[in-house]
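Observations on chain architecture
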Protein chains: 2
Amino acid sequence: MRNAIPNILTAVNIVLGMFAIIFTFQGEFTCSALLIIAALVADGLDGRVARYFGVSSDFGKELDSLCDLVSFGVAPAILAYAFMLKDFGMAGYIIAAAFATCGALRLARFNVNTGSVKGYFMGLPIPTAGCVVATFVILGMKPSGWIFPLMVAIFAYLMVSTIRYPDFKGKGGEPVRLIPVAISVAVGVYILFLTLNAVLFVPFFVYSLFGILNTLFGLFDRHSAT
Amino acid sequence: MRNAIPNILTAVNIVLGMFAIIFTFQGEFTCSALLIIAALVADGLDGRVARYFGVSSDFGKELDSLCDLVSFGVAPAILAYAFMLKDFGMAGYIIAAAFATCGALRLARFNVNTGSVKGYFMGLPIPTAGCVVATFVILGMKPSGWIFPLMVAIFAYLMVSTIRYPDFKGKGGEPVRLIPVAISVAVGVYILFLTLNAVLFVPFFVYSLFGILNTLFGLFDRHSAT
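If you're wondering where the values come from, they're calculated on a predicted model, not measured in any experiment.

Next up on the list: the overall build of chain A. Along chain A, the regular secondary structure elements total eight helices and two strands. In sequence order, the secondary structure elements of chain A are arranged as α-α-α-α-β-α-α-β-α-α. By principal-axis analysis of the C-alpha atoms, chain A measures approximately 55 × 50 × 35 Å. Burial statistics for chain A: of 226 residues in total, 54% are counted as buried. Across chain A, contacts joining residues at least 24 apart in sequence account for 80% of those joining residues at least 6 apart. About 10,200 Å² of surface is accessible on chain A, with carbon and sulfur atoms providing 70% of the total. In chain A, 14 side chains carry a positive charge and 11 a negative one; their mean positions are 6 Å apart.

What follows is the structure, encoded as structure tokens:
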């Protein structure tokens, strides 16, 4: 029974993801987005519970990736489509499909490279990308022109990029630089100043932005050291 | 470049699966079902192309499972929901989510057990389960009462069952018995006799039925041998 608990939490993750897709169907976008965030909680728990009980398994890891793709790849892509991408014709189709495809590529790469790098993730983790999209929908703001499709496309790309993101569970790895932290937190505070509704959006956005800035500053460090 | 071809086909698989979900949204159920079958073709090609070029990879295998879950787990579940399950309240939600969840469990089990059994699959393969649902929708027939929800639930269960299904690529394994072949083919011909629209549905249904009958007759064989 103890062995089953983490896998049950993983199953809760995919069930919430499926419910999110169905709620999107019914036009309940905020509900759908909240379900994606609830899936993140279940996803955050399963690995911890498995390690706590000492029952981590290959089966659990495979299942975890599969469920992550549904809750943080497919569900946010469909939500983004129904929220705004549907107004962009064929481009909307392609960007929604690209988001899920990049999520799958990210997960496959992570599973194959597992253990080879410690302390950071290569590319934005799919739960963060999915939650950026979901929490943006909660904001209820419909940006003009191509801003939203472009945003979804950029977050799809960040997943398959080689940008390094800190893994708070690991030790060492990529150094966290002060200036990128300061800039991304300042941007986060500024967004919160504009609208307190962004309270769920800001943490995911700040983390995403930080990775980009930290990599840029890292390139600068290495360049100046040569 | 040659190394990329099978992975591009796998990506085509998930893209078609995502398009299927979006078409379901727009009420184009037949289109959605045809896209799921198109995804099956892409899925059938990627492994063969990889073996032909001698470029099978762990990355490709991980990606393949992830994409299969979207095209044959999530897309058919959402199609089934929009087609009929939506009329069954909470039960509709749960059966749609269960179908995708069982698909994920099936894929995770397959990936962990890979290589341990040759010549047959344990549980109905997820592409078959997905295509049974998709091709049933093409029939355009809405069965009365709980028949459709029950059918979806049974096919979800068949995926995680221990029923053995022949793998035409492998050799040996579970023997194929004559009587189960005869009965399931006869049922298939009978359905075709009722409606020629079932031409896509019948192959998947016959394969699913055959596995059940073959396992039942297998139990009988072993029993009589004791």
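M18(A) and M18(B) are the most contacted members of the largest nonpolar core, which has 138 residues in total. The leading source of residues in this core is helix α3 (residues 58–83) of chain A, at 15 residues. Setting aside chain neighbours within four positions, we find M18(A) in contact with V70(A), V74(B), A77(B), I78(B), A96(B), A97(B) and A100(B).

Our focus in this paragraph is the interface of chain B and chain A. Taken together, the contacts link 39 residues of chain B with 39 residues of chain A. Between chain B and chain A, roughly 3,300 Å² of surface is buried when both sides are summed, and carbon and sulfur atoms account for 87% of that area. If you sort the residues of chain B by the area they bury against chain A, F25(B), L66(B) and Y93(B) come out on top, with a joint share of 20%. The interface formed by chain B and chain A includes six residue pairs in polar contact (both at pLDDT 80 or more). If you list the elements that add at least two residues to the side of chain B that touches chain A, you get α1 (4–25), α3 (58–83) and α4 (89–113) of chain B. For the side of chain B that touches chain A, the per-class residue count stands at 31 nonpolar, five polar and three charged.

The next thing to look at is the environment of A33(B). Residues and elements named next belong to chain B. Counting through the fold element by element, A33 comes out in helix α2 (residues 29–53). Judged by relative accessible area, which is 0%, A33 ranks as buried. Separated by 46 residues in sequence, A33 and L79 have C-alpha atoms that sit 7.7 Å apart. Ignoring anything within four residues of it in the chain, the contact list for A33 reads L79, A134 and I138.

It is worth spelling out the relation of the copies chain B and chain A at this point. Least-squares fitting of chain B to chain A yields an RMSD of 0.0 Å, with the transformation described by 0.0 Å of translation along the axis and a rotation of 180 degrees. The transformation just described matches what one would write down for a two-fold rotation axis. Residues of chain B ranked by C-alpha distance from the rotation axis are headed by L66(B), positioned 2.9 Å from it. With an isologous cut-off of 70% or more, the 100% of interface residues of chain B that recur at the interface of chain A puts this contact in the isologous class.

Another point: helix α7 (residues 178–194) of chain B. All names here are of chain B. In this model, α7 (17 residues) spans 24 Å end to end at C-alpha, consistent with the 24 Å of a helix rising 1.5 Å per residue. All of the buried residues in α7 are P180, S184, G188 and I191. All buried residues of α7 fall inside an arc of 65 degrees around its axis, so they share one side. Summarising the geometry of α7, the exposed residues directed more than 90 degrees from the buried face are L178, V189, Y190 and F193.

Once that is clear, we can look at the environment of A129(B). Residue and element names in this part refer to chain B. Assignment of secondary structure puts A129 in helix α5 (residues 126–139). When its relative accessible area of 0% is taken as the criterion, A129 is described as buried. As a C-alpha pair, A129 and G73 span 56 residues in sequence and 8.1 Å in three-dimensional space. Those residues in contact with A129 that lie beyond four places of it in its chain are F99, L124, F155 and M159.

Before going further, it helps to spend a moment on the side chain of T24(B). Note that T24(B) resides in helix α1. In this structure T24(B) touches F25(A), F29(B), S32(B), I78(B), L79(B) and A82(B), once residues within four positions along its chain are discounted.

Calculation criteria
- Residues numbered from 1 in each chain as written.
- Chains lettered and ligands numbered in written order.
- Predicted model: local features only at pLDDT ≥ 70, side-chain atom pairs only at ≥ 80, totals over all residues.
- Heavy atoms only, no water.
- Helix = DSSP H or I, 4+ residues; strand = E, 2+ residues; numbered from the N terminus.
- Buried < 20%, exposed > 50% of the residue type's maximum accessible area, 1.4 Å probe, protein only.
- Contact = heavy atoms within 4.5 Å.
- Areas by Shrake-Rupley, 256 points an atom, 1.4 Å probe, with all protein chains shown as cover.
- Lys, Arg positive; Asp, Glu negative; His and termini not counted.
- Charge placed at Lys NZ, Arg CZ, Asp CG, Glu CD.
- Core = buried A, V, L, I, M, F, W, Y, C linked by side-chain atoms within 4.5 Å.
- Buried area = accessible area lost by both parts, 1.4 Å probe.
- Polar contact = N/O pair within 3.5 Å; in protein donor to acceptor, adjacent residues only side chain to side chain.
- Nonpolar A, V, L, I, M, F, W, Y, C, P; charged D, E, K, R; others polar.
- Least-squares fit on C-alpha atoms with pLDDT ≥ 70 in both.
- Expected span 1.5 Å × (residues − 1).
- Arc of directions from axis to C-beta.

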